[in-house]
Amino acid sequence: STAASAEVAVAEARKDSTTGGITFRRLTWARVPGMLADHLAFGVGPGQFQAAFPPYRDPAEITLSSFQRRETTPNEVEHAHNDWLTALAEHGPVGGGAFLVFLLVVLWRASRATWGDDSTRRDFGFAAIALLANAAFNSPLLYGPVAPFIAFAIFGVISSPPVHSDDQEATGATDRFGPALRFGM
């Protein structure tokens, strides 16, 4: 029928107009352990994922990210599209592991902040959790000019000790800057 062939054409057009989405990420993530195994001591080096990854690329991922190989210019995988994996690949088990422990501590502190009575800390807690979840599918913490700055500022707020109501100076600062940061970001 005409409707069925139109649906097939739309599906084909969608398939050809994407660089892979989650399938691309899954194929990339599957190759990171092999790269890490070859550079186990210290990883491939800070910021070197893009230079070190080409030999590990999956041919299916290359096909996806080059629009079924119709893209004439070579494309590269700049990062693992997962900050958790990128840290391990670039810094190895020691440096990457320390970064992962840091992220887990931030996650724990952010989770605790969402349970508290301080609405500013609660908002920052939810923002930190969202950033950490996004870091599992993209790279807001290790790449880009602005996102890491915002993310680590939020992580700093969450990692700081809670402000007690008897500390007037700190309470005043939280009251002044918390809403601005909440609504300005």
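Up top you'll find the structure we're talking about.
Residues numbered from 1 in each chain as written. Predicted model: local features only at pLDDT ≥ 70, side-chain atom pairs only at ≥ 80, totals over all residues. Heavy atoms only, no water.

Visitor: Report on the nonpolar core, specifying residues and quantitative values.
Guide: Formed by 18 residues in total, the largest nonpolar core has its most connected members in Trp84, Leu103, Ala128, Leu132, Leu141, Phe155 and Ile158. Those elements that provide at least two residues to this core are helix 5 (83-115), helix 6 (119-134) and helix 7 (147-159). Ranked by residue count, the leading element in this core is helix 5, at 8 residues. Residues within four places of leucine 132 in sequence aside, it is in contact with Trp84, Leu103, Val106, Leu107, Leu141 and Phe155. Phe24, Val32, Ala80 and Ala89 belong to the second-largest nonpolar core, a separate cluster that totals 11 residues. (Core = buried A, V, L, I, M, F, W, Y, C linked by side-chain atoms within 4.5 Å. Buried < 20%, exposed > 50% of the residue type's maximum accessible area, 1.4 Å probe, protein only. Helix = DSSP H or I, 4+ residues; strand = E, 2+ residues; numbered from the N terminus. Contact = heavy atoms within 4.5 Å.)

Visitor: Give a detailed account of the packing of helix 5 against helix 7, specifying residues and quantitative values.
Guide: The axes of two packed helices give the description: the angle between them and the distance between them. Remark: helix 5 packs on helix 7, axes separated minimally by 9 Å, with the N-to-C direction vectors making an angle of 60°. Accordingly, the angle class assigned to the pair helix 5 and helix 7 is oblique. In the packing of helix 5 onto helix 7, the handedness of the crossing is left-handed. Between helix 5 and helix 7, the contacting residues are Phe99, Phe102, Leu103, Val106, Arg109, Ala110 and Ala113 on the first element and Phe152, Phe155, Ile158 and Ser159 on the second. Counted by class, the contact of helix 5 with helix 7 contains 9 nonpolar, 1 polar and 1 charged residues. (Axes fitted to C-alpha atoms, helices over the stretch in contact; angles between N-to-C directions. Parallel < 35°, antiparallel > 145°, perpendicular 65-115°, else oblique. Left-handed = near helix turned anticlockwise from the far one by under 90°. Nonpolar A, V, L, I, M, F, W, Y, C, P; charged D, E, K, R; others polar.)

Visitor: With reference to specific residues and values, describe the side chain of serine 139.
Guide: As for its placement among the helices and strands, serine 139 is situated in the loop between helix 6 and helix 7. Apart from the residues lying within four places of it in its own chain, the contact partners of serine 139 are His79 and Asp83.

Visitor: A description of the packing of helix 5 against helix 6 should follow, citing residues and the corresponding values.
Guide: As a packed pair, helix 5 and helix 6 sit with axes 9 Å apart at the nearest point and diverge in direction by 150°. When the axis of helix 5 is compared with that of helix 6, the two are roughly antiparallel. The chirality of how helix 5 crosses helix 6 is left-handed. Judged by residue contacts, Trp84, Leu103, Val106, Leu107, Arg109, Ala110, Ser111, Ala113 and Thr114 of helix 5 engage Arg121, Arg122, Gly125, Phe126, Ala128, Ile129 and Leu132 from helix 6. When its residues are assigned to classes, the contact of helix 5 with helix 6 shows 10 nonpolar, 3 polar and 3 charged.

Visitor: Give me the lowdown on the packing of aromatic side chains, citing residues and values where you can.
Guide: With the rule as written, the count across this model stands at 6 aromatic pairs. Here the aromatic rings of tryptophan 29 and phenylalanine 137 are separated by 5.8 Å at their centres, their planes lie at 55°, and the arrangement is tilted. Here the residue tryptophan 29 occupies a position in helix 2 (residues 21-38), and phenylalanine 137 occupies one in the loop between helix 6 and helix 7, the gap between them amounting to 108 residues. Considering the side-chain rings of phenylalanine 152 and phenylalanine 155, the 5.5 Å spacing of their centres and the 80° angle between planes classify their relative orientation as edge-to-face. Of this pair, phenylalanine 152 and phenylalanine 155 both sit in helix 7, separated by 3 residues, roughly a single helical turn. Judged by its relative accessible area of 1%, phenylalanine 155 falls in the buried class. (Phe/Tyr/Trp six-rings, centres within 6.5 Å; stacked < 30°, edge-to-face > 60°.)

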